[in-house]
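# Residue-level structural notes
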Amino acid sequence: MDHHFKVLHKDTETAARAAVLTTNRGLVHTPVFMPVATQGTVKAVTERDLVEIGTECMLSNTYHLYLRPGLPTFEKFGGLNNFMKHQGPILTDSGGFQVYSLSRLRKITDSGVHFASHIDGSPHFFTPEKVIDYQASIGSSIWTCLDVCVKNPASRADALDALKKTKKWAERAKIHFDEKTRHIPRAERPQLFGIIQGSIYTDLRAEAAKHMAELGVDGFAVGGLSVGESKAQMMESLGAVMDNLPKDKPVYFMGLGTPEDIWNSVELGVDMFDCVLPTRNARNGQALTSAGKLYIKNAPFKNDESPLDAECDCICCRNYSKAYLSHLFKAGEILASQLISIHNLRFLINQTKIMRLAIAGGTFKQAKKSFMDAYL
Ligand SMILES: [Zn+2]
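Residues numbered from 1 in each chain as written. Predicted model: local features only at pLDDT ≥ 70, side-chain atom pairs only at ≥ 80, totals over all residues. Heavy atoms only, no water.

## Concerning the overall build of the protein
Summing up its helical and strand segments, the protein has 15 helices and 16 strands in all. Taking 2.2 N^0.38 as the reference for a compact globule, 376 residues should give roughly 21 Å; the C-alpha atoms of the protein span a radius of gyration of 20 Å, in line with that estimate. C-alpha atoms of the protein, sized along the principal axes, occupy 60 × 50 × 45 Å. When each of the 376 residues of the protein is scored for burial, the buried share is 55%. Long-range contacts, defined here as pairs at least 24 residues apart, represent 67% of the contacts in the protein between residues at least 6 apart. About 16100 Å² of surface is accessible on the protein, with carbon and sulfur atoms providing 53% of the total. Side-chain charges of the protein comprise 44 positive and 40 negative groups, with the mean position of each set lying 3 Å from the other. (Helix = DSSP H or I, 4+ residues; strand = E, 2+ residues; numbered from the N terminus. Rg over C-alpha atoms; globule rule 2.2 N^0.38 Å. Buried < 20%, exposed > 50% of the residue type's maximum accessible area, 1.4 Å probe, protein only. Contact = heavy atoms within 4.5 Å. Areas by Shrake-Rupley, 256 points an atom, 1.4 Å probe, with all protein chains shown as cover. Lys, Arg positive; Asp, Glu negative; His and termini not counted. Charge placed at Lys NZ, Arg CZ, Asp CG, Glu CD.)

As structure tokens, this is what we get:
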């Protein structure tokens, strides 16, 4: 019996749960929001700030790190954690989505995907096995299987074809992962998450989930959602996945980062989240607050002495007024991006903490309603 994921509390009215995921770099309490360090850094946020805001797990990206700085750097430095001086667990995305969305001259065959680097046009070939090897060099704690992404909307035929390849590739990745990690003592072994595709077709989503459950991976990543489909389609597809997954392993919704979407997904039993939007929007002057979104460049803040969010305990809200942030933003000062990024990440990490406490206390639905009433 595998105990890397332990459910501590289950909500009685919904599928929400509070759990602890044990990784080779420490514990992750779920539901969890993971800041994104695509290039080996969370944009405009220092390691000290990441620790202070309570980061338990971080996300990075195999495609980007493989192209730049390149794997020899990680071999020389003993992995990404040592390179970027980060202690906690890092989950790496396989690169399937980036090959699909960023690279040129993409050609998918049964064996893998040929693509040209978005940086210099150089040719590369990813296979499920190579992507496992790359994640070994990066040294992340949670690895993902190479998957095939489709555009949205996708025809059923395209979604089915991508799903067939994703399933085959996941099987190959799992075999290679097992061979590669068999010798590693249990406490030090990384984990492998399988990526579930199927576009907005609920029967394909269900099939993908069942297949991944049978494969015996350590956790499940739901990919290809929150990519432009309607909210109703997104939740229906997620529901089809959740109905077909075992309840004793973690589920990660890839790239989902609005607070209301996180609350709704946790209600269905999802445990892990990441998104670039909290930091990207911060750089555009948008802050998340318990009273809703706030655009710091708006004129009414010129003389406002209050913090972004009176309920927040981050370095930005403890020290600075909306008037000061508004001034920094208008003057094009990078400190505005830094402070609002830290705040937005802390806001989401705090939300997941509120969810955990509510699940433990049997008040999840009530807490969700309180949040939605104030936020939306
Ligand atoms: Zn704050």
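From this point, the discussion proceeds with the structure in view.
## Some words on helix α15 (residues 364-375)
For α15, spanning 12 residues, the distance from its first C-alpha to its last is 16 Å, which sits close to the expected 16 Å at 1.5 Å a residue. Those residues of α15 that are buried are in contact with α10 (259-267), β15 (286-289), β16 (292-295) and α14 (334-361). (Expected span 1.5 Å × (residues − 1).)

## Section: the sheet that holds strand β8 (residues 113-116)
Consider a sheet: its strands pair through backbone hydrogen bonds, and that pairing is either parallel or antiparallel. Read from one edge of the open sheet, three strands run β7-β8-β9, paired in antiparallel fashion. Looking along the sheet, the strands with just one partner apiece sit at the ends: β7 (104-108) and β9 (123-126). Across the sheet, the mean angle separating the axes of adjacent strands is 15° when strand polarity is ignored. Across four bridges, the pairing between β8 and β9 is antiparallel. Looking across to β9, one finds that Ala116 is bridged to Pro123. (Pairing = 2+ DSSP bridges. Axes fitted to C-alpha atoms, helices over the stretch in contact; angles between N-to-C directions.)

## Here's the deal with the nonpolar core
In this structure, Phe126 and Leu308 are the most contacted members of the largest nonpolar core, which totals 92 residues. Of all the elements, α14 adds the most residues to this core, at 11 residues. Once residues within four sequence positions are removed from consideration, Leu308 is found in contact with Ala287, Thr289, Leu294, Ile296, Cys316, Cys317, Lys322, Leu325, Ile340 and His343. Counting residues in each nonpolar core, the second largest holds 17 residues, with Leu21, Leu91, Tyr252 and Met254 among its members. (Core = buried A, V, L, I, M, F, W, Y, C linked by side-chain atoms within 4.5 Å.)

## Points about the coordination of the zinc ion
At 2.1 to 2.3 Å from the zinc ion lie its protein donor atoms, namely Cys312 (SG), Cys314 (SG), Cys317 (SG) and His343 (ND1). Relative to the metal, the four donor atoms surrounding the zinc ion lie at angles of 96 to 120°, and the coordination shape comes out tetrahedral. Mapped onto the polypeptide sequence, the residues donating to the zinc ion form the spacing pattern C-x1-C-x2-C-x25-H. Taken individually, Cys314 and Cys317 each receive the classification buried, so the pair is uniform in this respect. (Donors = N, O, S within 2.8 Å, 3.2 Å for Na, K, Ca; no water. Tetrahedral: all angles 85-135°; square planar, octahedral: opposite > 155°, others 65-115°.)

## What about the pattern of salt bridges?
In the structure shown here, the tally under the stated rule is 14 salt bridges. The partner of Asp271 in a salt bridge is Arg17, and the shortest N-O contact between them spans 2.7 Å. Here Arg17 lies in strand β2 (residues 17-23) and Asp271 lies in the loop between α10 and β14 (272-274), a separation of 254 residues in the sequence. Exposure class is identical for Asp271 and Arg17. Each is buried. (Salt bridge = Lys/Arg side-chain N within 4 Å of Asp/Glu carboxyl O.)

## A few points about the pairing of β7
The pairing of β7 with β8 spans three bridges and is classified as antiparallel. Looking at the pairing, Arg104 lines up with Ala116 of β8. Linking two consecutive strands that pair antiparallel, namely β7 and β8, is a turn of four residues.

## Focus: the sheet that holds strand β3 (residues 26-30)
The strand order across the open sheet built from three strands is β1-β2-β3, with neighbouring strands paired in antiparallel fashion. A single partner strand is all that each edge strand has here, and the edge strands are β1 (5-10) and β3. Each strand of the sheet is rotated relative to its neighbour by a mean of 15°, with strand direction disregarded. Strand direction decides the pairing type here: β2 and β3, joined by five bridges, are antiparallel. Opposite Ala19, over in β3, you have Thr30 as the bridge partner.

Read these as layout, nothing more, since geometry by itself doesn't imply function.
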